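# Geometric and topological summary
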Amino acid sequence: MKRRALAAILLAAMMILFVGCAAEKPADTTTPDTTVETPETPANNETETPENSEEPTAGGLVYIIEPSQDNPYFKAEVMGAEARLTELGYTFQTVSHDDDATKQDQLYDAAIAAKAVGIISDNASADATAASIQKAKDAGIPTVLIGREINETGIAIAQIVSDNFQGARAGAEKFIELVGESGNYVEFTGKESDTASQTRSAGFHDVIDQYPDMVLIAQQSANWDTAEAYNKMESIIQSNQDIQGVICGNDTMALGAAQALKAAGIEGVVVMGFDGSNESRDSILAGEMSISVLQQAYANAQLGVDQLDLFLRTGSTGQEEKQLIECKVIWSGNADKLETFKLDE
Amino acid sequence: MRLGDNIRRLCAVLALTLMIGMLSACTVVNLDDGTILFGGKESEEEAGASVFDEEFDPDQYVSEIWESQALPVFLDSAAEFSTVYEAISKDFDAACETYGILSNDKGSWVFIVKGTASVSEVNRESRNGIAALLVDETAVQLQIGPVYKGASLRDALPFIKFSDFKNQVAFSSISSALNRYVDETIITASGIDDAAGKQISFVGAFSIKAAADDIMITPVEIQVGE
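Report on the accompanying structure. (Residues numbered from 1 in each chain as written. Chains lettered and ligands numbered in written order. Predicted model: local features only at pLDDT ≥ 70, side-chain atom pairs only at ≥ 80, totals over all residues. Heavy atoms only, no water.)

Okay, the sheet that holds strand E5 (residues 158-162) of chain A next. Residue and element names in this part refer to chain A. Spatial strand order, E2-E1-E3-E4-E5-E11: six strands in an open sheet with parallel pairing. Both outer strands of the open sheet, strand E2 (91-96) and strand E11 (322-325), are each paired with one neighbouring strand and no more. For this sheet, the mean inter-axis angle between neighbouring strands, taken without regard to orientation, is 15°. As judged from the four bridges shared by strand E4 (residues 143-147) and E5, these two strands associate in the parallel manner. The partner of isoleucine 146 across the bridge, within E5, is isoleucine 160. Its contacts with the sheet put helix H10 (residues 297-314) on strand E1 (61-66), strand E3 (118-121), E4, E5 and E11, and the angle it makes with E5 is roughly 170°. (Pairing = 2+ DSSP bridges. Helix = DSSP H or I, 4+ residues; strand = E, 2+ residues; numbered from the N terminus. Axes fitted to C-alpha atoms, helices over the stretch in contact; angles between N-to-C directions. Contact = heavy atoms within 4.5 Å.)

Put into structure tokens, the structure is as follows:
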């Protein structure tokens, strides 16, 4: 009886310890993204004349519903959309959903109330957005999604999808090329609720996990934040300096990780980010970050506007709803050709 | 056993357990089972909707379409490599129009080719194994796994459409499954690993962005000759 009681106490004690460990949350630092420079207009706008350009423009008000433009990637999407809409004779109202599905839904209501002729959007949530788009559709307003996709089809008229998974795979292939096929590496993922964070991590691992001699020594979320990535990289370095690579779900985290490595005097680590921002370009050219993956923010937005315009004038986009657009690997070999989310090849 | 002994044993085990609990940083992740964890959370609900399509088995999909749909497209569409290569070298845009298929992500052009070649070398130093070929006088690479690059096989098949699948992750998984299918059913059986110095005939696909790009063919058929 005594032995059983002791075993039960021991088991309970172990469970308390391990449950306590699992309940430990990572530090919840919700520092906003670091301030970013104002992007310049790209030198060469790839604005092709739309088909049927003899037909008069449809005209009208288009709502641009986007995340906060504090992130230069989303700012580039907005700039691309606004420029193209203006060229085609539309007016626009640009609003931010702040990655909040509830706020996004309210903005769809606003677009409906304003009798918008169309909506261009990089959506807040792969789950909740479909309902908002359906509401607008029922009110006669077509929506074109750009950047991030939703899993439902038949509701938006077009989804210009930035192929993050392919981009992450391509970035990881470059990562393996630079690191070699063996080594220790660290991963910082983005905000856990963001589909982009999962998608990019999955893409990275789709490649790297095929190399059994690549060892993941730490994986943490740095919530898309430079300071958080800096602090976490610094902590990791304190216990382990034998690191050959760091992969990050976006450029802002990669910049933080690269800064921490530099501050610790550790050189030769391959640091990968994602987005292809001007900051990542500058860091790569300075030899701090090594790789980023360009999302064609400006061009994708313009393509989205062209398809909305074609739909409004002819009743069809002429394309399948879901369209993939490649993301391009940026590294020291081509970083000098990158400007505000456009690679001059 | 005496109570004192038991208490001492209990204390020792508790102390050990406490040490293990403290030493095992919650942020170091065991990925042996392929689960991707985010900051220690494993729950899908906590991480938001999963990007993975649990109901889609890409390997099963490929095994279903290979004989009936995929292979016929490759065999019927394949143009002679030398003809395609000459066209690319002469006028890339025209070559794309005549022989090429725009990749699903609009980033490259895919060409389905067949030909005979001599094998200069089979190199498995990298996990992206390569057989170096000479087709007439043109040097090309044949990728022979186990790790494959690109999505040439999927992009060469127009009936596989992004719209028909849940999302980009599912769509990409088809490419991986096609490469796996080739790796498992074609590569080893072909005897390519012993083909250095020999002639082979092949059918496969490659993707390029520009005329000057290196050509790396993913095979769908290999026959090793003398």
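Having seen the model, we can carry on.
All names here are of chain B. Note: strand E4 (residues 128-135) against strand E5 (residues 138-146), eight bridges, orientation antiparallel. Residue pairing across strands places alanine 131 opposite leucine 142, the latter belonging to E5. In sequence, E4 turns back onto E5 through a hairpin of two residues, with aspartate 136 there showing a positive phi of about 55°. Relative to strand E7 (residues 216-224), E5 runs parallel, the two sharing two bridges. Bridging across to E7, glutamine 141 finds its partner in methionine 216.

Our next topic: the pattern of salt bridges. Residues and elements named next belong to chain A. Following the criterion strictly, the structure yields 25 salt bridges over all chains and no others. Two residues, aspartate 99 and arginine 148, come together in a salt bridge whose shortest N-O distance is 3.3 Å. Within this pair, whereas aspartate 99 is found in the loop between E2 and helix H3 (101-113), its partner arginine 148 is found in the loop between E4 and E5, the two being separated by 49 residues in sequence. When its relative accessible area of 40% is taken as the criterion, aspartate 99 is described as partly exposed. Residue class for arginine 148 comes out buried when judged on its relative accessible area of 18%. Within this structure, Asp99, Asp122, Arg148 and Asp194 form a network of salt bridges that share partners. (Salt bridge = Lys/Arg side-chain N within 4 Å of Asp/Glu carboxyl O. Buried < 20%, exposed > 50% of the residue type's maximum accessible area, 1.4 Å probe, protein only.)

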